[in-house]
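Chain by chain, the residues:
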Amino acid sequence: MTERPVLGIGLMSGTSLDGMDAALVRFTGPTRAELIGFAHRPYHLEERRELEEAIERQEGGARRLAHLHARIGEWAVEAVDQVLARSGVVPSALDFIALHGQTIWHEPPVATLQLGEPAALAERFGVRVVSGFRGRDLAAGGEGAPLVPMADLLLFGAEDHGRVLLNLGGMANLTYVPRRAVEQGAVAFDTGPGMAVIDAVARRIEPALSYDVDGKLADRGEVIDAVLADCLSDSFFQQAPPKSTGRERFGAEYSARLFARAGPDAVATAVELTARTVAEAIERWTPAGCEVLASGGGCEHPVLWKSLLQRMTNAGRALRKFDQVFFAGAAKEAVAFALLGYLTVHGQPGNLPAATGARGPRVLGMVTPA
């Protein structure tokens, strides 16, 4: 694979539905990436509501989905405009753009759907665009997720010891990397809800909030043990990896049921659900004692972070934030999709079969020409 410097942009919009992240990355090989610039294009209230209705209420039919596909493409254009302007880079300097799109439905092994028109980016910037990353892995018998583990393996593993890369986004997922770029022994999967359920019940308690600001709702509530026990009995948590999940399972209906049973204590209970399931997944499926690097919005929730830190400390593990070792954790997943785009344009596999369960390595995605 060429070592010529390659400049690409990764675009990521995840299950938190908070916006579109754009990372401008310089690659000098598949294990060497430098973050040049980062921008976050937030989803406004009405945009978020439209996404939630499409995902969780499945309203509007084909016409509405087609319009949303086009609009998400335009939001991606805005995110790229922002990161280029902040970095002082012209579009002609780019080798590619990698567009994850917004997941609207993910139901392995049947189907996965990400919206966002790649042609809008190709037309606006005159750059080839890689998109549709999950479908090929699904066709090969995999879950189509998680895909970030390839970046964890190639970019964020330690040189001389095992490391767990934990993402606390809308859903939580982890990757265990035995050594950087060493695939044998790597494990990756979704652990269950991260912040999606916490945020959803927070909005039910305080409709003016988009999330539990500073953890105040969790801090003033109590964990309802009976409700928590019922949540923990969900078969997903006992399922062995590879496995993936999303708002289809832990979304609006799930959150409504939790709120109906726990009321003002729903946020505290949801926080404990995330902390318990993440900690138990780490202890069950990764080697004892290895460090944990965490990224994602959940790192900024003080009650969740305190609970996880206590659990990791009791288990003899060091828990640190991703940005203590690398760059800002908010950019991590966008950088990961920039790497996947880089691999695709070089004809290299982007999935990790140990993580997705696919029959083997596959080159991911489709390329829209410049």
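Above this note sits the structure.
I will try to describe carefully the structure that is included in this document. What you see is a predicted model; the values in this text were computed from it and never measured.

**Topic: the nonpolar core**
Counting 46 residues, the largest nonpolar core has Leu-166, Leu-168, Leu-258, Val-267 and Leu-304 as the members making the most contacts within it. Here the element with the most residues in this core is helix H11 (residues 266–285); it accounts for 10 residues. For Leu-168, the contacting residues outside a window of four places in its chain are Met-195, Val-278, Ser-295, Gly-296, Gly-297, Gly-298, Cys-299, Leu-304 and Leu-308. Ala-23, Ala-98, Phe-322 and Leu-343 belong to the second largest nonpolar core, which has 37 residues in total.

**A look at the packing of aromatic side chains**
Tallied over the entire structure, the rule returns 12 aromatic pairs. A centroid spacing of 5.0 Å and a plane angle of 80° characterise the contact between Phe-250 and Tyr-254, whose relative ring orientation is edge-to-face. Given a relative accessible area of 0%, Phe-250 falls into the buried group. Members of the aromatic cluster, each reached through a chain of ring pairs, are Phe-156, Phe-322, Phe-326 and Phe-327. In this arrangement the basic side chain of Lys-243 is found over the ring face of Phe-236, its NZ or CZ atom lying 4.4 Å from the centre.

**Re the pairing of strand E9 (residues 187–193)**
Counting buried positions along E9 gives six out of seven residues, so the element sits mostly inside the fold. Inspection of the sheet shows strand E8 (residues 171–177) paired to E9 by six bridges, in the antiparallel sense. The residue bridging Met-171 from the neighbouring strand is Pro-193, located in E9.

**Concerning the environment of Ile-72**
Looking at the secondary structure, you find Ile-72 in helix H2 (residues 61–87). Residues Ile-72 and Met-195, 123 residues apart in the sequence, show an inter-C-alpha distance of 22 Å. Setting aside residues up to four positions removed in sequence, Ile-72 forms contacts with Met-20, Leu-51, Gln-102, Leu-115 and Gly-116.

**Some words on the pairing of strand E7 (residues 163–168)**
In terms of burial, E7 is a largely internal element, six of the six residues being buried. In terms of strand pairing, E7 meets E8 through six bridges, oriented antiparallel. Its bridge partner lying in E8, Leu-168 is registered against Ala-172. Here E7 hands over to E8 after two residues, the two strands then running antiparallel side by side.

**Quick look at the packing of helix H10 (residues 252–262) against H11**
As a packed pair, H10 and H11 sit with axes 9 Å apart at the nearest point and diverge in direction by 125°. With respect to their mutual orientation, H10 and H11 come out oblique. At the point where H10 passes H11, the crossing takes the right-handed sense. Residue-level inspection shows Tyr-254, Leu-258, Phe-259 and Ala-262 of H10 in contact with H11, the latter providing Ala-266, Thr-269, Ala-270 and Leu-273. Residues belonging to the contact of H10 with H11 are distributed by class as follows: seven nonpolar, one polar and no charged.

Cut-offs used in this document
- Going along each chain's sequence as written, the residues are numbered from 1 onward.
- Selection of residues for local features in this predicted model requires a pLDDT of at least 70, selection of side-chain atom pairs for listing and counting requires 80 or more, and totals for whole chains, interfaces and linings are taken over all residues.
- Hydrogens and waters are ignored; side-chain quantities use all the structure's heavy atoms.
- Definition of nonpolar core: a set of buried residues of the types Ala, Val, Leu, Ile, Met, Phe, Trp, Tyr and Cys, connected through side-chain atoms within 4.5 Å.
- Using a 1.4 Å probe on the protein chains alone, a residue whose accessible area is under 20% of its type maximum counts as buried, one over 50% counts as exposed, and one in between counts as partly exposed.
- In this description a helix means any DSSP run of H or I spanning at least four residues, a strand means any run of E spanning at least two, and both kinds are numbered starting from the N terminus.
- We call two residues in contact when some of their heavy atoms are within 4.5 Å.
- The pairing test for Phe, Tyr and Trp rings, Trp by its six-membered ring, is centres within 6.5 Å, and the orientation test on the planes gives stacked under 30 degrees, edge-to-face over 60, and tilted for anything in between.
- Either the NZ atom of lysine or the CZ atom of arginine qualifies as a charge over a ring when it sits within 6 Å of the ring centre and within 35 degrees of the ring normal.
- Two strands qualify as a pair provided that DSSP identifies no fewer than 2 bridges between them.
- Angular values range over 0 to 180 degrees, each being the angle between N-to-C directions of two axes fitted as lines to C-alpha atoms, with helices fitted over their stretch in contact.
- To sort the angles, those under 35 degrees are grouped as roughly parallel, those over 145 as roughly antiparallel, those from 65 to 115 as roughly perpendicular, and the leftovers as oblique.
- Each helix crossing is assigned a hand: it is left-handed if the near helix lies turned anticlockwise from the far helix by less than a right angle, otherwise right-handed if that turn is clockwise.
- Throughout, the ten residues Ala, Val, Leu, Ile, Met, Phe, Trp, Tyr, Cys and Pro are labelled nonpolar, Asp, Glu, Lys and Arg are labelled charged, and all others, Gly among them, are labelled polar.

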